[in-house]
Amino acid sequence: MGRAGTRGAARAAVGPLLPPLLLLLLLARRPPAAAGDGWKSEAGLVPEHFSQAPQKLSFYRWYGSTQLFHFRVPPDTARLRWLLHVSQESGPACEDVEITVYFRYGAPPVINPLGTSFSSATPVQASFHIRTLFSAMMLGNTSISVSHPAPGDWFVAAHLPPSSQRIEVKDFESACAYMFQPDMLVMRVVEVSILEPEVPLLKTLPSRPTYLKVFVPEYTQELRLELQGCASKDSPGCPVQLTVGTATLPRNFQKVLTCSGPTPSCHVLLPSPPWGRWLQVVAESLAGPPLSVALRAEAVLTACRPWSVTLQRLVQNGSNPSNDTSESQSLPPPGHQTLGRCGQGCRDPFCLLNYPVMREDMDVLSVRFQPLDGVAVLVHSDSPSIMRLRLDSGTDSGGSLTILLRANKTEIANSTLIAACVNAASPFLSFNASLNCITAFFQGYPLSLSALSTTASLTIPYPETDNWYLSLQLVCPESPRDCEQARVRVETTLYLMPCLNDCGPYGQCLLLRRHSYVYASCSCKAGWRGWSCTDNSTAQSVAQQKAAALLLTLSNLMFLAPIAVSVHRAFLVEAVVYLYTMFFSTFYHACDQPGEAMLCILSYDTLQYCDFLGSGASIWVTILCMAKLKTVLKNILFVLGTLVMAMSLQLDRRGIWNLVGPCLFALVIMSCMWVYRCGHRHQCYPPSWQRWVFYLLPGISMASVGIAIYTSMMTNDNYYYTHSIWHMLLAASAAFLLPPREEQVEAWACSQDLPCHYEICRNDRDDLYTVT
C-alpha cells in the first residue's frame, strides 16, 4: 500500500538510429543555422562518429529524472558536433513541450531547473544548456558545435519540464514517450607538430589552421609562447592568430592572441599551465587565402623546484610512536631558509612546499585523502603549500568533493590571513600577486582563514575528472613583515562522498548508473528541496511531519475491523493476511518518514516489499473468499496467487499490473461462481436483498472510491491524508465484502427419504448435492 509512483527515470527500447554513413556525410556540408559556427571539411582532418542508444525522457522531479549520456572525446580533436535527435514511440500523440539539454566537460552537469538554493559552502556555476521545443527538434536535427574541444570525458543530460505534483501509477495510463538520442561527430587532426621547450620551430602557415602541441611537465610555474620573425608578402607585421588551450563547457578559458601589430613578434604568458599533459596550440594566418606566413615559434618553460616530505621522516615518525606528528611539523623543514627566496650563491630556490597525499578508497564514490605526514599542513608566507588530490580515475566525478580547513586561533595574528585555493589541472602559485585563484585555464575556488574565522569549508558537486590541488599560503596585506617568521598549522579534512552529508535528515542518497558510469544524487522528502536537500522554502514543519506519520501509520488500525470479522466468521487464513498487511504497512510508512518521525524495524526495501505484497494478498483473498469455493481449492488459490504476486513484485515492484492481474483473475473466478449459482438456483446470488444493500453495495462503493483516490488523486502535497484514506477504505471494504458466517451443521445432512430407499443429502458448506 505504499507509493506507486516511480523515482528513477525509466529506460526505453532502442529506437531507429540514423545510418552511420549519413552521419559521416554531414561532416562535408554546412550545418543548419542552429549549429552556430561553420563546419566544413578541411585537409588533414579525419572524421569519427560516436552514438548511444536513444532513451526515454522524463519530466523533471530530481536529478534522477534526467537522462545522462557519457562520451569520450579523442585527443587532437579540432571540431566537435552533437546532433540531437528526438522521436516519438508508438502511442498517444505527444504534446509540444520544451526539452532542456545540458553539456559539460569532465563531469555530469550541475543543474537547477527548480530554482532551489544551494548550501553556503557549495559554489555552483551556471550550466551551459539549450532549450528547444519538441516540434522544432522533430522538424530538423538540432546541433551544437565546439571548436578545439578538450579531450576526455564529456557529458550530455536532457529532461522535460518540471513535472506536476501528481503521483502517477506506473503502467496505469498510456503516456507519450519522448525519445532522445545524441550523436557525437568529431574531426580529428592527423598532422600535429611537436613544439619542444626552448627549441625554435620554423613553420610556414598556409591558409588553413596549423596545429601544434607542447608538453607541460609537472611543477611548471609559467609557460611563455612566443612568435618571432613573422614574415608575409604584402602584409606588414605578424598577421597570425594563436589559440592556446582547448574549449570546455560551461566556462571556456582558451587564450586567443592576435598578432596584428607592426612588430614581427608577439607572445602570450600562461601562469600555472595544466601539469603533465599536452597543450594544444592552433596558429592561423590572417594574411588571406593566397598568402602564407613564415614564423619561428618557441615555448619557454619556467620550472618550479618543490620541497617534499621525504620517506625518511615517515620512517622516523613510524619507528618512534611517542613522536607526535604535530611536534615534528613545528620544526622548520630542511632548506626552509631557501623557500621562496634566494640568498648569495643560490641559483634554484624552492618555490613550493609539496605535501604527498594518501588516497584511500573506501566505497563506491567514497574516497578519503590524508597527508602522509599527518593531518596538519605547515603554512608559511615564503611560498605556497601544495596538496594534490587524485580524482583522475574516471569514476570519481559522480560524487561531491568536500574540503574542510581548520587552524588554531592562537597561532594566527590579527593581521595574518591564510589564503587557500582549490584548482584543477594545476595549483595556484601567485598568492603574492593576487588572490583570485585563476590559473592559465581554470577559475579556482578561494578559501580563507583568519583570527576571526578559523574554519572554512568547500563542497564541489561533481568535480571534474582531473588532478585537483589545494594551495595554502600566509598573506599579510597590511604588514608583510608580520608574515616573515610566522608559521601556522592548518588541519585538513579532505574526502569524496556520494552526497553531501548523506542528503541530511530529509533526503536519501541514491546511486544512479549510466552503463558503467556511476553517479549519485539526493531524493528529498517532506517538501525539502535542493541539491543536498537543504532548501526549506517549501518544507513541512515538524508538526506537519508528525501528523503525516501518525495518519499514515494509525490509519492501518482500520484493518482491525476485517480481522475481527474474519475471526468471528471463522476465516482464519484471511485474518492472518489482514494482520500481516496491517503490521508491515504500519512500519513501512513509519520508515518512509523523514527526520525525527522515521522508525525502521527492518531495512526500507524489505518493509516496502512486504507492504506491497500484503496489500495485493489482502485484495486477492477477499475476492476469493467472496466466491465461496471449496476449502481445499480456495486454500490452493490463496497460496498460488500469493506466490505469483511475490514473483511479479520482485520483477517490477511498482508495476500496477502485478496486483491488478491476479485480482482480475480472482474477480473472474468469483463472477463465474456467482453466475453458476444463479443459474443453478434460478435466483439471484446472493439471494438476500439485505446482503446487497447493507454489505455488498457499501463495500463495492468504498473499494471504488479507494481505487479512484489511489490512481488519480494523490499528489506529493496531499499524499499523507489521501493515502491514509486509501488505507481506511481498503480495510473497511474488506470488512463489508467478507461473506457471512457459515452455519455450524453436520457435513452431510439428509433432508428426506425417497420411496426407493435413497436419500437426498445436502452439504451446506460447499453448496453441493448428492444421492446416496
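Look above for the structure.
These numbers were taken from a predicted model, which means no experiment stands behind them. Counting restarts for each chain, with residues numbered from 1 along the sequence as it is written. Where totals are concerned, whole chains, interfaces and linings use all residues; where local detail is concerned, this predicted model gives features only for residues with pLDDT of at least 70, and gives and counts side-chain atom pairs only at 80 or more. Think of the side-chain values as coming from all heavy atoms in the structure, minus any hydrogens and water.

*Asks:* Is there a simple way to think about the overall build of the protein in this case?
*Replies:* When helices and strands are tallied, the protein shows 12 helices and 36 strands. A burial count over the protein gives 49% of its 772 residues as buried. In this analysis, two residues are considered to be in contact whenever any of their non-hydrogen atoms come within 4.5 Å of each other. Within the protein, counting contacts between residues at least 6 apart in sequence, those at least 24 apart form 76% of the total. Where accessible areas are quoted, they stem from the Shrake-Rupley method and a 1.4 Å probe; at the residue level, only the protein chains shown are allowed to cover. Of the roughly 36,100 Å² of accessible surface on the protein, a fraction of 58% belongs to carbon and sulfur atoms. The helix and strand labels rest on DSSP assignments: H or I over at least four residues marks a helix, E over at least two residues marks a strand, and numbering proceeds from the N terminus. Whether a residue is buried, partly exposed or exposed follows from its accessible area with a 1.4 Å probe, protein chains only, as a fraction of its type maximum: under 20%, in between, or over 50%, in that order.

*Asks:* Could you clarify how one ought to interpret the packing of aromatic side chains in this entry?
*Replies:* The description of an aromatic ring pair uses the distance of the two centres, along with the angle that the planes make with each other. In this analysis, rings of Phe, Tyr and Trp, with Trp reduced to its six-membered ring, are considered paired at centre separations within 6.5 Å, and the interplanar angle assigns stacked below 30 degrees, edge-to-face beyond 60, and tilted for intermediate values. As enumerated under the stated definition, the model contains 32 aromatic pairs in all. Measuring from centroid to centroid gives 6.1 Å for Y63 and Y519, while their planes differ by 75 degrees, and the two rings are edge-to-face. You can see Y63 sitting in the loop between strand 3 (59-60) and strand 4 (67-73) and its partner Y519 sitting in strand 33 (residues 517-524), a full 456 residues away along the chain. Residue Y63 is classed as buried on the basis of its relative accessible area of 2%. Between the aromatic rings of F442 and W468, the centroid separation amounts to 5.6 Å while the plane-to-plane angle is 90 degrees, which identifies the pairing as edge-to-face. Remark: W468 occurs in strand 30 (residues 466-475) and F442 occurs in the loop between strand 27 (417-424) and strand 28 (445-449); sequence separation between them is 26 residues. Here W468 falls in the buried class, since its relative accessible area comes to 1%. Aromatic rings pair up to connect Y63, F118, F155, Y462, Y517, Y519 and W531 into one cluster.

*Asks:* How should I be thinking about the sheet that holds strand 14 (residues 220-232) in this particular structure?
*Replies:* Strands in a sheet are paired, the pairing made by backbone hydrogen bonds, and the direction either parallel or antiparallel. In space, the 4 strands of this open sheet follow the order 12-19-14-17, with antiparallel pairing throughout. Either end of the sheet is taken by a strand with one partner, and the two such strands are strand 12 (201-205) and strand 17 (266-271). Here the strands of the sheet are splayed against their neighbours by 20 degrees on average, with no regard to which way each runs. As paired strands, strand 14 and strand 17 are joined by 6 bridges and run antiparallel to one another. Paired with L227 across the bridge in strand 17 is C266. Strand pairing is defined by DSSP finding a minimum of two bridges between the two strands. In this analysis, axes come from line fits to C-alpha atoms, helices being fitted only over the stretch in contact, and the angle between any two N-to-C directions falls in the range 0 to 180 degrees.

*Asks:* Just to check I follow, could you spell out the state of the cysteines for this structure?
*Replies:* A disulfide bridge is the covalent bond that connects two cysteines by way of their sulfur atoms. Any pair of cysteine sulfurs within 2.5 Å is marked as a disulfide. On inspection of all chains with the given rule, the structure shows 7 disulfides. Residue pairing for C524: its cysteine sulfur links by disulfide to C533, the two sulfurs lying 2.0 Å apart. Measuring the twist about the S-S bond at about -95 degrees, one finds the C524-C533 disulfide to be left-handed. What makes C524 partly exposed here is its relative accessible area of 24%. What makes C533 buried here is its relative accessible area of 5%. Here C678 is not cross-linked by a disulfide; its sulfur's nearest cysteine counterpart is in C684, at 5.0 Å. Overall, the relative accessible area of 25% leaves C678 in the partly exposed class.

*Asks:* For this particular structure, what's the right way to read helix 11 (residues 689-712)?
*Replies:* Helical geometry note: an α-helix holds 3.6 residues per turn, so side chains three or four residues apart project in the same direction. The span one expects for a helix is its residue count, reduced by one, times 1.5 Å. The end-to-end C-alpha distance of helix 11, which contains 24 residues, comes to 33 Å, matching closely the 34 Å that a straight helix rising 1.5 Å per residue would cover. A residue's bend is given by the angle between axes fitted to the 7 residues ending at it and the 7 residues starting at it. The sharpest bend along helix 11 measures roughly 35 degrees and falls at L696, with the proline P698 sitting one to four residues further on. Three or more residues of helix 11 are buried, namely R691, L696, G699, G706, I709, Y710 and T711. For helix 11, the elements touching its buried residues are helix 8 (604-627), helix 10 (657-681) and helix 12 (719-737).

*Asks:* Is there a simple way to think about a nonpolar patch on the surface in this case?
*Replies:* Together, L551, M558, Y721, I725 and M728 give the surface a local cluster of nonpolar side chains, amounting to about 400 Å² of exposed area. A total of 3 residues in the nonpolar patch trace back to one element, the largest contributor, which is helix 12. By the element assignment, L551 lies in helix 5 (residues 542-554). Overall, L551 belongs to the partly exposed group, its relative accessible area being 38%. To count toward a patch, a residue needs a relative accessible area above 30% and no salt bridge. Like charges then connect within 9 Å, nonpolar side chains (Val, Leu, Ile, Met, Phe, Trp, Tyr) within 5 Å. Throughout this description, the term salt bridge denotes a Lys or Arg side-chain nitrogen within 4 Å of a carboxyl oxygen of Asp or Glu.

*Asks:* Would you take a moment to explain the nonpolar core for this structure?
*Replies:* Side chains that are nonpolar tend, in soluble globular proteins, to be buried together. Membership of the largest hydrophobic core comes to 43 residues, with the highest contact counts inside it found for Y578, W620 and L624. If you list the elements that add at least two residues to this core, you get helix 7 (572-591), helix 8, helix 9 (631-651), helix 10, helix 11 and helix 12. Broken down by element, this core gets its largest block of residues, 11 residues, from helix 8. Residues contacting Y578, with those up to four places away along its chain left out, are F559, P562, I563, S566, S618, V621, T622, A734 and L738. Put simply, a nonpolar core is a bunch of buried Ala, Val, Leu, Ile, Met, Phe, Trp, Tyr and Cys residues held in one set by side-chain atoms that sit within 4.5 Å of each other.

*Asks:* I'm lost on helix 8 in this one. Help?
*Replies:* The end-to-end C-alpha distance of helix 8, which contains 24 residues, comes to 35 Å, matching closely the 34 Å that a straight helix rising 1.5 Å per residue would cover. For helix 8, a buried count of 20 out of 24 residues is recorded, marking the element as mostly surrounded by other parts of the structure. After helix 8 finishes, the residue K628 shows a positive phi value of roughly 55 degrees.

*Asks:* Which parts of the structure should I look at to understand the packing of helix 5 against helix 12?
*Replies:* Geometry of a packed helix pair, given as the angle between the helix axes and the separation of the axes. Closest axis-to-axis distance for the helix 5/helix 12 pair is 8 Å, and the angle between their directions is 15 degrees. The orientation of helix 5 with respect to helix 12, classified from their angle, is roughly parallel. At the point where helix 5 passes helix 12, the crossing takes the left-handed sense. Along the contact surface, helix 5 presents A548, L551 and L552, while helix 12 presents Y719, Y720, Y721, H723, S724 and H727. Our angle categories are set so that under 35 degrees counts as roughly parallel, over 145 as roughly antiparallel, 65 to 115 as roughly perpendicular, and the remainder as oblique. Should the near helix be turned anticlockwise from the far one by less than a right angle, the crossing is left-handed, and should it be turned clockwise, the crossing is right-handed.

*Asks:* Help me understand the side chain of D396, please; the structure alone is not making it clear to me.
*Replies:* Of note, D396 is situated in the loop between strand 25 (385-391) and strand 26 (400-407). A polar atom in the side chain of D396 sits 2.7 Å from the side chain of S393. In this structure D396 touches R359, L365, V367, R390, L391, P463 and L496, once residues within four positions along its chain are discounted. Here a polar contact means two N or O atoms within 3.5 Å. Within protein one must be a hydrogen donor candidate and the other an acceptor candidate, and residues neighboring in sequence count only if both atoms are side-chain atoms.

*Asks:* Sorry if this is basic, but what is going on with the sheet that holds strand 30 here?
*Replies:* Reading across from one edge, 20-21-25-30-27-28 is the order of the 6 strands in this open sheet, with mixed pairing throughout. Every other strand in the sheet has two partners, leaving strand 20 (305-308) and strand 28 as the edge strands with one partner each. In this sheet, neighbouring strand axes are inclined to one another by 30 degrees on average, regardless of whether the strands run parallel or antiparallel. Here strand 20 runs beside strand 21 (residues 350-355); their pairing, made up of 4 bridges, is parallel. Following the sheet pairing, S308 is matched in strand 21 by N354.

*Asks:* What is the right way to look at the pattern of salt bridges in this model?
*Replies:* All chains considered together, the criterion is met by 15 salt bridges. We note a salt bridge from D592 to K525, for which the minimum N-O separation is 4.0 Å. Residue D592 is located in the loop between helix 7 and helix 8, and its partner K525 is located in the loop between strand 33 and helix 5; the two are separated by 67 residues in the primary sequence. One exposure class covers both D592 and K525, and it is buried. One salt-bridge network, in which partners are shared between bridges, spans R359, D361 and D396.

*Asks:* Can you walk me through the pairing of strand 24 (residues 376-380) in this structure?
*Replies:* Moving residue by residue along a regular strand, the side chains alternate between the two faces of the sheet. Burial analysis of strand 24 places 5 of its 5 residues in the buried class, which makes it a mostly covered element. For strand 24 and strand 31 (residues 487-497), the ladder comprises 5 bridges, and the chain directions are antiparallel. Of the residues in strand 31, the one forming a bridge with V379 is V488.

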